[in-house]
2 protein chains.
Amino acid sequence: MVTDRPDPGLYPPDRLDRAAAASAEAGLAALLLTPGPDLRYLTGYDAPQLERLTCLAVPAAPAGGKPFLVVPRLELPAAHASPAGGLDIEIIPWDETDDPYALVAQRLGALPGPVGLSDRMWALMVLRLRDALPGARQELASAALRGMRIRKTPAEVAALRAAGEAIDRVHARVPDWLRPGRTERQVAADIADAIIGEGHARVDFTIVASGPNAASPHHEVSDRVLLAGDAVVVDIGGTMPSGYCSDCTRTYMIGEPPPEFAAYYRVLRDAQQAAFAAVRPGVTAEAVDAAARGPIAAAGYGGYFVHRTGHGIGLESHEDPYIVSGNTEPLEPGMAFSIEPGIYPGPHGARIEDIVVCTEQGGERLNNVTRKLICVDAT
Amino acid sequence: MVTDRPDPGLYPPDRLDRAAAASAEAGLAALLLTPGPDLRYLTGYDAPQLERLTCLAVPAAPAGGKPFLVVPRLELPAAHASPAGGLDIEIIPWDETDDPYALVAQRLGALPGPVGLSDRMWALMVLRLRDALPGARQELASAALRGMRIRKTPAEVAALRAAGEAIDRVHARVPDWLRPGRTERQVAADIADAIIGEGHARVDFTIVASGPNAASPHHEVSDRVLLAGDAVVVDIGGTMPSGYCSDCTRTYMIGEPPPEFAAYYRVLRDAQQAAFAAVRPGVTAEAVDAAARGPIAAAGYGGYFVHRTGHGIGLESHEDPYIVSGNTEPLEPGMAFSIEPGIYPGPHGARIEDIVVCTEQGGERLNNVTRKLICVDAT
């Protein structure tokens, strides 16, 4: 948790007012947000998610009252010190033997409609709020906040760009750590150190999938020893002090690639480029997915591309928009997402992933480390 | 996430049957568990928490059917490779364009009672399951699982003991890193490295609260530079490859302690010892809290001990039982929890924390690094 170096540009002061208006538009009477990306997005407060209730209530505008933030008394100094302390929010502490759910309900009073809960709120809190507010049907806060969060502001794009540059610097060092005889876990530990060393506040994932593991798209890491002739899928990411995430995949070879691997790696690069080239305002998310699938299917590898093409990214590693068949949402400037096709025929596999932001002019890649196949000396 | 080195003793094969029976006893028709500690406790599967639904359904015994696990197809190899793959559970993959909530509802069929949701399930899933299972009232799975998870088996106590030994080794090295001129953040980075180096799979928190920050019980870390004359509260913990957590606090002095600090530190040690000595089967959780509060109040510092005495620990850093006024639950053998009184008068403060397990004979400390005040040379 990093609360002491927020970029004020990331948290425009009108965001709470816009959220209150968006809630009314979504038919919600109030938003109830526990620690997580929604709370951070609206207030800059990177609160810890604990069993003790921290909850921001945002009554819908214009009928509702002022937003208020209920926090355990222990967290009061951190809440005041966070950017939330500078907003027009009443911060209300509760003591160890108080019932904070009753406190929220009492402050909200009778609600004229449903409440929107942060998507990651724990069931523990969802059900206690349900019981404390029996008249208010529960919906997801994303009904109101999705439209705001999915369109990144220039300050948010800058934060994602900085995250992309940081993870690119890590990838630039990966070849040094890929040596026959080392385990995936040892390589992942080097990568984790570098993720922090290159400026992230937190390591989110360090996938090192070598040899046959490279054919399993969600393999994480194991004690398998790297061998000459391995393809190694390295899919890594972290969270910056800004709260914004990085996520980038490159596939490396130790020694010379088997002939078939080299052939489908080229197909994969073309597919990733084709999807990137498809990005522009008005194009649907599923059209970008289809653009990635086209070259792979044409080359006969369609059955080996077993996952969606990408996911949105921002304060969460995975968020809207999802680049997947069935998502007919048109892209808009400010949307940021991964483009990460993969081909997994076994006994090896490959994936290439960049974060891309949609601009008026088309796509902008936020990862720029080479997508050419890097073969690491096996000796 | 570490899935490849589970201790089979941690996952007795009868646990699913006991959970099904406990569900029936709690009046639940089924448990629905998404990734998190409940799922890991029952199956050993340390699944990632993602927006894609992974859900274990455990119908209540004896009326219900067999447990089944719904997973995204991408996660199928990991699910099979986990200890869950060796259990009598049907593992059902779903594809990117399927509706996994409808799949869960269809497999469960009509339910004769409420469902119990894992306490940390995201609202996103809670509300989709609510809509997919409109006839089943939602309760918390802890109604059934709490009684199992709160009483640690000998294998679980051994896992917590190993976690305690690992974090003790980190504390033994902390004095080397506390030097005037370094920042809290630099010290926390050294500690994070050592938490991994001493055997944890994940760093959970690294609180380094120096000088006036030591008077704020939930301060995390900042760029404040350490000075001679600082008290430094170091509250650190991680998660072992077993999934079990460590958590230990010591307060250090840089140079000589101010006279008042030395006086209340002694009171704090006595209070921590008094609470530890109170631990035995049949004593209530709140009586242990009161035992810690007694010496502190008697010495006139009662108003500066502003938090509960402790929290349970296991697969979560914070879980039942909570050692707090109002909790009249009697301790039982196998319960494991922190005892961590603090005194925060400002401009400095102190806290001492050990994990303690209740045995037939009384308490056993799982942290054994000295509780005497360690004054680090300021030069």
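Quick caveat: nothing in here was measured; it's all calculated off a predicted structure. (Residues numbered from 1 in each chain as written. Chains lettered and ligands numbered in written order. Predicted model: local features only at pLDDT ≥ 70, side-chain atom pairs only at ≥ 80, totals over all residues. Heavy atoms only, no water.)

Participant: What am I meant to see in the overall build of chain A here?
Facilitator: A tally of regular secondary structure across chain A gives 10 helices and 17 strands. Here chain A has a C-alpha radius of gyration of 23 Å; the compact-globule value for 379 residues is 21 Å, and the two agree. Projected onto its principal axes, the C-alpha coordinates of chain A cover approximately 70 × 40 × 35 Å. Burial statistics for chain A: of 379 residues in total, 59% are counted as buried. (Helix = DSSP H or I, 4+ residues; strand = E, 2+ residues; numbered from the N terminus. Rg over C-alpha atoms; globule rule 2.2 N^0.38 Å. Buried < 20%, exposed > 50% of the residue type's maximum accessible area, 1.4 Å probe, protein only.)

Participant: Please clarify how the relation of the copies chain B and chain A should be interpreted in this entry.
Facilitator: In summary, the two copies of the chain are related to each other by a rotation about an axis coupled with a shift along it. Take chain B, turn it by 180 degrees, move it 0.1 Å along the axis, and it overlays chain A with an RMSD of 0.1 Å. On the angle and the small slide along the axis, the relation comes out as a two-fold axis. Of every C-alpha in chain B, the one belonging to B:Trp122 sits nearest the axis of rotation, 2.5 Å from it. (Least-squares fit on C-alpha atoms with pLDDT ≥ 70 in both.)

Participant: Honestly, the sheet that holds strand S3 (residues 68–72) of chain B in this entry has me stumped. Any pointers?
Facilitator: The strands making up a sheet associate through backbone hydrogen bonding, with each pair oriented either parallel or antiparallel. Residue and element names in this part refer to chain B. Read from one edge of the open sheet, six strands run S4-S3-S2-S1-S5-S6, paired in mixed fashion. The sheet is open, and its two borders are formed by strand S4 (90–94) and strand S6 (138–140), each paired with just one other strand. Strand-to-strand twist across the sheet, computed as the mean angle between neighbouring axes with direction ignored, equals 25 degrees. As paired elements, strand S5 (residues 115–117) and S6 share three bridges and run parallel to each other. Note that in S6 the partner of Val115 across the bridge is Gln138. (Pairing = 2+ DSSP bridges. Axes fitted to C-alpha atoms, helices over the stretch in contact; angles between N-to-C directions.)

Participant: I tried to follow the sheet that holds strand S8 (residues 231–239) of chain B on my own but got confused; where do I start?
Facilitator: All names here are of chain B. The four strands are arranged S7-S8-S9-S17 in an open sheet whose pairing can be described as mixed. Lying at the two open borders of the sheet, with one neighbouring strand each, are strand S7 (202–210) and strand S17 (374–376). Adjacent strand axes in the sheet meet at a mean angle of 25 degrees, parallel and antiparallel pairs treated alike. By the bridge criterion, three bridges tie strand S9 (residues 248–254) to S17 in an arrangement that is parallel. Each bridged residue has a counterpart across the sheet, and for Tyr252 the counterpart in S17 is Ile374. Lying on the sheet, helix H7 (residues 154–177) is in contact with S8, S9 and S17; it crosses S9 at an angle near 10 degrees. (Contact = heavy atoms within 4.5 Å.)

Participant: Just to check I follow, could you spell out the interface of chain B and chain A for this structure?
Facilitator: How big an interface is tends to be stated in terms of accessible area lost as the parts join. At the junction of the two partners, chain B supplies 44 residues and chain A supplies 44 residues. Where chain B touches chain A, the interface holds six salt bridges. One salt bridge connects A:Asp131 with B:Arg137, and the closest N-O pair in it is separated by 3.3 Å. Our count for the chain B to chain A interface comes out at 15 residue pairs in polar contact (both at pLDDT 80 or more). (Salt bridge = Lys/Arg side-chain N within 4 Å of Asp/Glu carboxyl O. Polar contact = N/O pair within 3.5 Å; in protein donor to acceptor, adjacent residues only side chain to side chain.)

Participant: Help me understand the state of the cysteines, please; the structure alone is not making it clear to me.
Facilitator: Disulfide: a covalent bond formed between the sulfur atoms of two cysteine residues. Residue and element names in this part refer to chain B. For the structure on display, the rule yields zero disulfides over all chains. With no disulfide of its own, Cys245 has Cys248 as its nearest cysteine by sulfur position, at a separation of 14 Å. According to the relative accessible area criterion, Cys245 is buried, its value standing at 3%. Using a relative accessible area of 0% as the deciding quantity, one classes Cys248 as buried. (Disulfide = S-S within 2.5 Å.)

Participant: Help me understand the pairing of S3(B), please; the structure alone is not making it clear to me.
Facilitator: Consecutive side chains along a regular strand alternate between the two faces of the sheet. Residues and elements named next belong to chain B. Along S3, five of the five residues are buried, which leaves the element largely enclosed by surrounding structure. What you see with S3 is no split at all: Phe68, Val70 and Pro72 on one side and Leu69 and Val71 on the other are buried throughout. Relative to S3, strand S2 (residues 55–59) runs antiparallel, the two sharing three bridges. Among the inter-strand pairings, Ala57 is bridged to a residue of S3, identified as Phe68. Where S3 meets S4, five bridges bridge the pair, whose relative direction is parallel.

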